[in-house]
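# Breakdown of the fold
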Amino acid sequence: MGVVKNPWEPVQTISNSQTVRSQQVLPMHTKDGEFGILTTQVHKLIDWGRSSSLWPALFGLACCAIEMMATSADRFDIARFGAEVYRASPRQSDLMIVAGRCSVKMAPILRQIYDQMPEPKWVISMGACASCGGVFNNYAIVQGVDKILPVDVFIPGCPPTPDMLLYGFNELQRKIRAGIPNPPDPLKDSGLKLVGPIGEEL
Amino acid sequence: MSFDILKGMATTLKNMGKKPTTISYPEQERQLPPRFRGRHVLHRYDNGLERCVGCYLCAGACPADAIYIEAQENSEENRVSPGERYARVFDVNLLRCIFCGYCQAACPTGAITLEHDYKLASYYPEDLVFHKEQLLEPRGQSSVGSNTVWAESAPPEAAQPVPQEKEVFDGSEASAAAVGLGNLHPERPVLLVDEQQDEDRRKLP
């Protein structure tokens, strides 16, 4: 399946909010060499397995976490997609659902927990505040966690309903199955470090 | 001792015949409440003119500054809306939007409503800035959207003790009505429902 169009090509160069997004050309996803049909099929199988058992890290920051809990409850039941186990330890999780506004004080901790998660890992930015600050356009709130984390899926809403979260989750599954890579780490190019309370040793 | 086990088993047996509460989401969607606020839709009149007159009231009412408008004057050869101006650019940043519905409450012509479209997630934040072409409903399919739902009085289960005496504009009352609490009786009937008031707009070419 040869993808011709760059999937990272933005529609608009600068968003309407104050946030100016980085506009660099991202590498296309390539298969790891030409190893024949067996390895490609194995990649498909692995991607399917990864997308079907995403274990989220327990990271509810604000009111969006209530909807996240409702999503794992029986009516919406995120367990149908293999994501019911909210792990309290980042070592055991593949997915980070940043649910709620992230304050500047919380940002190093968020980054440290992200760094502690094993590869491969994905990030869902749930809600207006996590995605771009939302109504909290002030000094205390990080204007979008994509400033500090590579965010895979953005979900609008304040807070998003469980349906919206499930839709975003399905979009992430689609992304993993299509083999679209993670966006670049926003802190990697700048060389900045966001060190949490424990320090650099992970 | 064994009686407790029997009680527990009775509960199990009672729930065995019930249907599961789970909604298997991608195949089957839940019935949304009529006042559900999802994505914005810009409306037209039946003759194809846009309802939006570029008054910036929705942008002013927006608590998250999610709406960006550039208005332009209507001319004889290029008439887009019945008013003096129309919105040349109408962008809604759905990532910043908190879906409060204040823009719908503020709109004097009923141009912007929040509809039931909630499937909005994206990989790229830029894609969630919806432009006018995406928001505007197609020609020949004009509707008033959820304005009819909001023009009706609030359902009785949503009734809240909101003061109803004053006829002057009060911020707290207006916001209570906007979020579905209370039951405001506006001084001027809603344009969309009253055909007579809306007639002069409809008569324009």
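On a predicted model such as this, the values are computed, not experimentally measured, just so you know.

For sheets, the rule is that strands pair by backbone hydrogen bonds, running either parallel or antiparallel. Strand order in this open sheet of three strands is β2-β3-β5 (chain B), and the pairing throughout is antiparallel. Whereas interior strands pair on both sides, the edge strands pair on one side only; in this sheet they are β2 (67-73) and β5 (129-130) of chain B.

Time to look at the packing of aromatic side chains. Applying the stated criterion across every chain, the model contains three aromatic pairs over all chains. Aromatic pair Phe 81 of chain A and Phe 169 of chain A: ring centres 6.0 Å apart, planes at 50°, arrangement tilted. In this pair, Phe 81 of chain A sits in the loop between α2 (64-72) and β2 (95-99) while Phe 169 of chain A sits in helix α5 (residues 162-178), placing the two residues 88 residues apart along the sequence. Residue Phe 169 of chain A is classed as buried on the basis of its relative accessible area of 1%. Relative to Tyr 118 of chain B, the ring of Phe 36 of chain B has its centre 6.1 Å away and its plane inclined at 75°; by these criteria the two rings are edge-to-face. Taken together, the residues span a long stretch of sequence, with Phe 36 of chain B in the loop between α1 (2-16) and β1 (40-42) and Tyr 118 of chain B in the loop between β4 (112-114) and β5 at a distance of 82 residues.

This part takes up the sheet that holds β2 of chain A. Residue and element names in this part refer to chain A. Spatial strand order, β1-β2-β3-β4: four strands in an open sheet with parallel pairing. Since the sheet does not close on itself, it has two edges, and those belong to β1 (56-57) and β4 (153-155), each with one partner. With two bridges joining them, β1 and β2 adopt parallel strand pairing. Counterpart to Ala 57 in the pairing with β2 is Met 96.

This brings us to the confidence of the model for chain B. For chain B, mean pLDDT is 80; residues scoring 70 or higher make up 74% of the total. We note a pTM of 0.78 for the whole complex and an ipTM of 0.77 for its interfaces.

A separate point is the interface of chain B and chain A. The interface of chain B with chain A comprises 32 residues on the first partner and 43 residues on the second. Between chain B and chain A, the buried area comes to about 3,300 Å², and carbon and sulfur atoms account for 60% of it. When residues of chain B are sorted by the area they lose upon contact with chain A, Arg 96, Tyr 123 and Glu 126 of chain B head the list and together hold 25% of the total. The interface formed by chain B and chain A includes one salt bridge. Of the charged contacts in the structure, one is a salt bridge between Arg 30 of chain B and Asp 163 of chain A, with a shortest N-O distance of 2.7 Å. Seen at the junction of chain B and chain A, the total is 11 residue pairs in polar contact (both at pLDDT 80 or more).

All names here are of chain B. Tallied over the entire structure, the rule returns zero disulfides over all chains. The thiol of Cys 62 is not disulfide-bonded; the next cysteine sulfur, from Cys 100, is found 6.2 Å away. For Cys 62, a relative accessible area of 14% gives the class buried.

Before going further, it helps to examine the confidence of the model for chain A. Counting all residues, the mean pLDDT for chain A is 80, and 74% of those residues have values of 70 or more. Low pLDDT (under 50) marks residues 13-31 of chain A, which in the prediction has 34 contacts with non-local residues, meaning those over four places away or in another chain.

The rules behind the values
Residues numbered from 1 in each chain as written. Chains lettered and ligands numbered in written order. Predicted model: local features only at pLDDT ≥ 70, side-chain atom pairs only at ≥ 80, totals over all residues. Heavy atoms only, no water. Pairing = 2+ DSSP bridges. Helix = DSSP H or I, 4+ residues; strand = E, 2+ residues; numbered from the N terminus. Phe/Tyr/Trp six-rings, centres within 6.5 Å; stacked < 30°, edge-to-face > 60°. Buried < 20%, exposed > 50% of the residue type's maximum accessible area, 1.4 Å probe, protein only. pLDDT = per-residue confidence, 0-100. Contact = heavy atoms within 4.5 Å. Buried area = accessible area lost by both parts, 1.4 Å probe. Salt bridge = Lys/Arg side-chain N within 4 Å of Asp/Glu carboxyl O. Polar contact = N/O pair within 3.5 Å; in protein donor to acceptor, adjacent residues only side chain to side chain. Disulfide = S-S within 2.5 Å.

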